[in-house]
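What the coordinates show
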Amino acid sequence: MLHFIEQAAQGGPKAAENLNVAHVSRRGFLVTTAAGFAVAAFAGDAGAFARYKTGGDSMPHGLRYDPHLFVAIDPDGTVTLTAHRSEMGTGSRTSLPMIIADEMGADWAKVKIIQAPGDEPKYGNQDTDGSRSVRHHIQSMRQMGASVRHMLAKAAADKAGVDVNDVKVGVHEVTAGGNTYGFGDLAEAAMQVPVPEFEELSFKDESEFRYIGKRNVGIYDLHDITTGRAQYGADVRLDGMVYAAIARPPVHAARPVRYDATETWKVPGVMQVMGLPISDFPAKFAPKGGIAVIATNTDAAIKGKEALEIEWGDSRHSDYNSEAFTAEMRETAAQPGKVLRAVGDARAAIDGAAKTFKGQYGGAHMAHAMMEPPAAVADVRDGKATIWAPVQSPYGARGDLAAALNMDIENVEVQVTLLGGGFGRKSKCDFAIEAALLSQKLGKPVKVQWTRVDDIQNSFYHTTSIEELEVGMDENGKWLGFRHNSVAPSILSTFAPDSGHQFFIESGMGHLDNPYQVPNVSIENGKAMAKTRIGWFRVVSNIPRSWAHNTFLSEVAADLGRDELEYMLEVMGEDRTIDIKAENYPDDFWDYGEEYDVYPMQVGRQKNVLRMAAEKAGWGQSLPEGEGIGLASHRCFVTYIAAAARVKIVDGKIRVPQIDVAVDCGFVAMPERVESQIQGAAVQGMTAALYSAITFEDGVAQQQNFDTYEMVRSDNFPERVNVHIVPHPFSVHAAGAGEPGVAPIAPAIGNAIFHATGKRFRDIPFGETV
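In what follows, the accompanying structure is described. Model, not experiment: these values are computed from the prediction.

1. Description of the overall build of the chain
Counting its regular elements, the chain contains 18 helices and 29 strands. Relative to a compact globule of 770 residues, whose C-alpha radius of gyration would be 27 Å, the chain shows 27 Å and is just as compact. Expressed along its principal axes, the backbone C-alpha trace of the chain runs to roughly 80 × 75 × 50 Å. Here the chain holds 770 residues, and the buried ones make up 62% of them. For the chain, contacts bridging at least 24 residues in sequence account for 80% of all contacts bridging at least 6. Element-wise, carbon and sulfur atoms account for 48% of the exposed surface of the chain, whose accessible area totals about 27800 Å². Positive and negative side-chain charges of the chain, numbering 74 and 98 respectively, have mean locations separated by a distance of 1 Å.

Listed below in structure tokens is the structure:
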């Protein structure tokens, strides 16, 4: 996300810098002679190994293929693999090294993983967001693994004095000339072998995979996490470290008129009170600023902050009131908006139709509220800076920190801890900049620890929105014209002067793109100026779009007296690949950073997951009174996903005993992590449906903690989440898995409530009672 947004803020896409990226052939296999020996061809179907281009090639600093950067083998046979993506529960710290290990023939029990610092010129792109880790890196990880296997084989052949074609690489051992060598025995010699070109390599057939696509590898850090040994941001301790808590302006960009620290100084352990500069957007990830209390421990710092008496002034955001703003967005959505895509004459088709239907669907601001509130430790002394932080974009954070500290980036180091959840919030490094600025002033290590109140009241919030959908149909319910006007403050307002209109990334998330087969279309965008910091939240604009599309489809089906599943499939039309030129998509249509011909919209795949989810949930069966099943499907992050939620109303309260989710994300490297991501997404999606709303009065966020910004709890959560993964071979390109699972959950629950009670919700959150 960050890379594409920065491009847009700078005026459009630019050629990405790709350092040391190997030029690789698209050919799947090749029998050749290189370095004096023949290289075996692939064992499997050549098509399964054909190289394909991903958006990883266009990300800042691109991809890496040199195994020396990611693989080290000790004389005792220990294989140390470097994880260059941040770990926040998605499993990327395990899955990517696992791919290398499998392809090179390593025994997972002898593998150790270390975390890379923020260094994209060395490791390639490190932005851990956008459901891109496996999607972008599975090919480069396999190539590095195959390279190491090749290098081990060559070293064994030389040692045994045999032809490399007579060498067999097994599990953590190599057999040559009747001799068997452990990886450690060959380590030094193997690493002296030149890294082979792609054409020299042989790859495992899928039938030979030991770990890829299997369920026999767990999260690498699971034991440390469950026993309390894992290191998160809050766990970092340095000698001489002091602790800081910051009172930030309740209204964004408000400045302190006066403050009194008398009571603060009475708190044992308080050492110092100092100011941080106030910022206003657009300022990227600059801290909000405020007044910091420095103490000998976290508790004293927090109590000292709470004891401050501060009079805050007004700012240009003091007039932000959610109720009035939502009413303005509704009015805007009802009017013609800026046309982003038009086919035929939608207005005329709708106005002349035998039947019409129109609805507005709303969504509130949301805070990420990940389990671990932001925390960072910084040590800035003697012209050098080292920061330890749970950040999703470590090299991006490194650049922002260097700018904030007025230092060369070479003098700034970012060490990445585990992330106790991220959801996009930890792509924004304001909390790390706070720690660095305070450390620079004090000349000693500083930890900044946010509380839950700090987190909820000082977020980069998911945008609020109104989506208006309108359709004109013939007598049989066939769509003749469709209009969709989306109104929401834009993420781009955080980076550049606000136009009030969404930009191409937001428009590419279920707005410009839909699977409907309809001859007349108008996709529009109404103006809405940002009044608070807007940031990306897991699955981003797909949350309001999926809510709107799927609720609308259910409403139209009910209005026509049609079966929900049957009608959803009918409106999608034929199984086809959408021709974006024929459908008049704009030239800057964003397909999640991918080339459209590599990851096109294939309607049949979306229909398939919808059918699958419905079938697994028992769609069409007779249910007891007060129960219902609702459906929803969506394409996002080049993945197709659908949910069938079963709802039960108990004493007027919404209960969700079961959700069946079908997901088609291409080839799956680590099914357990995909399943886990979808299960977690179901919990987060239900939270968004029932509870998640940040509202503003006079510019102040009204929610502070989990008593007012609620989550689903152990007495009301999706009790059973069945995940059905569509199986594919490696030739079906891996797609996103971390984010898509959230998209269909809220509309599936909302539609199920309608089937259970006859009550329809058009806005989320809709509460826990009916």
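2. Section: unusual backbone geometry
For residues besides glycine, phi is generally negative; the peptide bonds are generally trans as well. Going from Phe-281 to Pro-282, the amide bond is cis rather than trans, its omega being 5°. With respect to the helices, strands and loops of the structure, Pro-282 is situated in the loop between strand 11 (270–276) and strand 12 (290–295). Note that the residue after Ile-764, namely Pro-765, is joined by a cis bond; omega there is 0°. Counting through the fold element by element, Pro-765 comes out in the segment after strand 29 (763–764). In this structure, Asn-406 is a non-glycine residue whose phi angle is positive, near 60°. When you line up the elements, Asn-406 lands in the loop between helix 10 (394–405) and strand 18 (412–416). Looking at Asn-406, the relative accessible area reads 73%, which means it is exposed. Of note, Val-638 is a non-glycine position whose phi angle comes to about 55°, a positive value. Secondary-structure assignment places Val-638 in the loop between strand 23 (627–636) and strand 24 (639–650).

3. Let's talk about the nonpolar core
Ranked by size, the top nonpolar core spans 212 residues in total, and within it Val-71, Ile-73, Met-104, Leu-438, Trp-479 and Phe-766 carry the most contacts. Broken down by element, the residue count for this core peaks at 10 residues, all from helix 4 (residues 133–160). If sequence neighbours within four positions are ignored, Ile-73 has contacts with Thr-78, Val-79, Met-104, Val-148, Leu-152, Phe-183, Gly-184, Ala-187 and Met-191. Within the second largest apolar cluster, 13 residues are counted, among which are Val-270, Val-273, Ala-295 and Leu-308.

4. Some words on helix 10
If you check helix 10, its first and last C-alpha atoms are 16 Å apart, about what 12 residues at 1.5 Å a residue would give, namely 16 Å. For helix 10, the set of buried residues is Pro-394, Tyr-395, Gly-396, Ala-397, Arg-398, Asp-400, Leu-401, Ala-402 and Leu-405. Looking at the buried side of helix 10, the elements it contacts are helix 3 (120–123), strand 16 (375–381), strand 17 (384–389), strand 18 and helix 11 (430–442).

5. Examining the sheet that holds strand 19 (residues 446–449)
As summarised here, the arrangement of the seven strands in space is 11-12-9-19-16-17-18, forming an open sheet in which the pairing is mixed. Where the open sheet ends on each side, the last strands, each with one partner, are strand 11 and strand 18. Averaged over all adjacent pairs, the angle separating strand axes in this sheet is 25°, with direction ignored. Alignment of strand 9 (residues 242–247) against strand 19, held across three bridges, turns out to be parallel. Within strand 19, the residue paired with Val-242 across the bridge is Val-446. Packing against the sheet, helix 10 makes contact with strand 16, strand 17 and strand 18, and its axis sits at approximately 140° to strand 18.

6. Details of the packing of aromatic side chains
By the definition in use, this model includes 26 aromatic pairs. An aromatic cluster of three or more residues is present, and its members are Phe-357, Tyr-361, Trp-479, Phe-482, Tyr-516 and Phe-552. Sitting over the face of the ring of Phe-281, Arg-316 holds its NZ or CZ atom 5.1 Å from the ring centroid.

7. Some thoughts on helix 2 (residues 92–104)
Relative to the 18 Å expected for 13 residues at 1.5 Å per residue, helix 2 spans 18 Å between its end C-alpha atoms, a close match to the ideal helical length. Of all 13 residues in helix 2, 13 are buried, a share of seventy percent or more. One or two steps after helix 2, the chain reaches Gly-105, where phi turns positive at roughly 95°.

8. Overview of the sheet that holds strand 8 (residues 179–182)
Strand order across the open sheet formed by three strands is 6-7-8, with antiparallel pairing between neighbours. Since the sheet does not close on itself, it has two edges, and those belong to strand 6 (168–169) and strand 8, each with one partner. Here strand 6 pairs with strand 7 (residues 173–176) via two bridges, running antiparallel. For Lys-168, the partnering residue across the bridge sits in strand 7 and is Thr-175.

9. Remarks on the environment of Leu-401
Structurally, Leu-401 is set in helix 10. Sequence-wise, Leu-401 and Ala-286 are 115 residues apart; in three dimensions their C-alpha atoms are separated by 9.6 Å. When residues no more than four places from it in sequence are discounted, the contact partners of Leu-401 are Ile-387, Val-412, Val-414, Ala-432, Ile-433 and Ala-436.

10. Let's talk about a negative patch on the surface
A surface patch of negative charge is lined by Asp-314, Glu-323, Glu-697 and Asp-698. If you trace the backbone, Asp-314 turns up in the loop between strand 13 (309–312) and helix 8 (322–334). Residue class for Asp-314 comes out exposed when judged on its relative accessible area of 69%.

11. A word on the pairing of strand 28 (residues 721–725)
In terms of burial, strand 28 is largely enclosed, as four of its five residues are buried. Here strand 25 (residues 653–664) pairs with strand 28 via five bridges, running parallel. What sits directly across from Ala-662, in strand 28, is His-724.

12. Here we look at the environment of Asn-297
Structurally, the position occupied by Asn-297 is in the loop between strand 12 and helix 7 (298–307). For the pair Asn-297 and Gly-269, spaced 28 residues apart in sequence, the C-alpha to C-alpha distance is 6.9 Å. Engagement of the side chain of Asn-297 in a polar contact is seen with the side chain of Thr-296, the distance being 3.2 Å. Looking at Asn-297, its side chain comes within polar contact range of the main-chain nitrogen of Ala-300, at 2.7 Å.

13. Some details on the pattern of salt bridges
Applying the stated criterion to the full structure yields 39 salt bridges. Asp-400 is the salt-bridge partner of Lys-284, the closest N and O atoms lying 2.8 Å from each other. With a gap of 116 residues between them, Lys-284 in the loop between strand 11 and strand 12 and Asp-400 in helix 10 connect regions that are remote in the sequence. Between Lys-303 and Asp-299 there is a salt bridge, with the nearest N and O atoms lying 3.2 Å from each other. Of this pair, Lys-303 and Asp-299 are both found in helix 7, four residues apart, which corresponds to roughly one turn of the helix.

About the criteria used
Residues numbered from 1 in each chain as written. Predicted model: local features only at pLDDT ≥ 70, side-chain atom pairs only at ≥ 80, totals over all residues. Heavy atoms only, no water. Helix = DSSP H or I, 4+ residues; strand = E, 2+ residues; numbered from the N terminus. Rg over C-alpha atoms; globule rule 2.2 N^0.38 Å. Buried < 20%, exposed > 50% of the residue type's maximum accessible area, 1.4 Å probe, protein only. Contact = heavy atoms within 4.5 Å. Areas by Shrake-Rupley, 256 points an atom, 1.4 Å probe, with all protein chains shown as cover. Lys, Arg positive; Asp, Glu negative; His and termini not counted. Charge placed at Lys NZ, Arg CZ, Asp CG, Glu CD. Core = buried A, V, L, I, M, F, W, Y, C linked by side-chain atoms within 4.5 Å. Expected span 1.5 Å × (residues − 1). Pairing = 2+ DSSP bridges. Axes fitted to C-alpha atoms, helices over the stretch in contact; angles between N-to-C directions. Phe/Tyr/Trp six-rings, centres within 6.5 Å; stacked < 30°, edge-to-face > 60°. Lys NZ or Arg CZ within 6 Å of the ring centre and 35° of its normal. Patch = residues over 30% accessible without salt bridge, like charges linked within 9 Å, V, L, I, M, F, W, Y side chains within 5 Å. Salt bridge = Lys/Arg side-chain N within 4 Å of Asp/Glu carboxyl O. Polar contact = N/O pair within 3.5 Å; in protein donor to acceptor, adjacent residues only side chain to side chain.

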